[in-house]
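A closer look at the structure
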Amino acid sequence: MKKIIAKPVGMFELFYDLVFVYAISKIKAMVHHPVNGGIPLTNLLQFLFVVIVVMQIWLYQALYFNRYSQIYCLFRFVQCLPVM
């Protein structure tokens, strides 16, 4: 069985985690204010779709960081491009 080696968390990982926490906090505004005591079905479906997309992006980003963060020299530069 392969031994699992713990890696330290990098600043880029923490930064992207904060970006996704901020995104989720803004997305919740879609269902935070009910209309006439309820949430319209279209708003609920839009909310679910956006949450699934953002969580999937976060998952892929986390997997990418964990696999390739120590291998490639240009990794940090490439990871900064979407933020700019």
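Residues numbered from 1 in each chain as written. Predicted model: local features only at pLDDT ≥ 70, side-chain atom pairs only at ≥ 80, totals over all residues. Heavy atoms only, no water.

What the protein contains, in helices and strands, is four helices and zero strands. In the protein, the succession of helices and strands from N to C terminus is α-α-α-α. Within the protein, buried positions represent 14% of all 84 residues. The long-range share in the protein, meaning contacts at least 24 apart out of those at least 6 apart in sequence, stands at 57%. Carbon and sulfur atoms make up 72% of the accessible area of the protein, which amounts to about 7,200 Å² in all. (Helix = DSSP H or I, 4+ residues; strand = E, 2+ residues; numbered from the N terminus. Buried < 20%, exposed > 50% of the residue type's maximum accessible area, 1.4 Å probe, protein only. Contact = heavy atoms within 4.5 Å. Areas by Shrake-Rupley, 256 points an atom, 1.4 Å probe, with all protein chains shown as cover.)

For the structure shown, the criterion picks out one aromatic pair. Seen in terms of ring centroids, Phe 15 and Tyr 16 are 5.7 Å apart; in terms of plane orientation they differ by 70°. Their pairing is edge-to-face. (Phe/Tyr/Trp six-rings, centres within 6.5 Å; stacked < 30°, edge-to-face > 60°.)

On the surface, Ile 24, Met 55, Trp 58, Leu 59, Tyr 60 and Leu 63 cluster together to form a nonpolar patch covering roughly 530 Å² of accessible area. For the nonpolar patch, the element with the most residues is helix α3 (residues 41-68), which contributes five residues. Along the chain, the position of Trp 58 falls in helix α3. (Patch = residues over 30% accessible without salt bridge, like charges linked within 9 Å, V, L, I, M, F, W, Y side chains within 5 Å. Salt bridge = Lys/Arg side-chain N within 4 Å of Asp/Glu carboxyl O.)

On the secondary structure map, Val 9 appears in the segment before α1 (11-27). The exposure class assigned to Val 9 is exposed, which follows from its relative accessible area of 54%. When the C-alpha positions of Val 9 and Phe 65 are compared, they lie 9.7 Å apart, and in sequence the two are 56 residues distant.

Bringing the environment of Lys 7 into the picture now. Mapped onto the elements of the fold, Lys 7 is located in the segment before α1. As a C-alpha pair, Lys 7 and Asn 66 span 59 residues in sequence and 8.5 Å in three-dimensional space.

We now examine the nonpolar core. One finds Tyr 16, Phe 20, Ile 27, Val 31, Phe 47, Val 54 and Phe 65 forming the largest nonpolar core, which totals seven residues. At the level of elements, α1 and α3 are the ones that each hand at least two residues to this core. (Core = buried A, V, L, I, M, F, W, Y, C linked by side-chain atoms within 4.5 Å.)

The next subject is α3. Helix length check: α3, at 28 residues, gives a terminal C-alpha distance of 40 Å against a target of 40 Å (1.5 Å per residue), a fit within 8%. Among all positions in α3, only Phe 47, Val 54, Gln 61 and Phe 65 are buried. (Expected span 1.5 Å × (residues − 1).)

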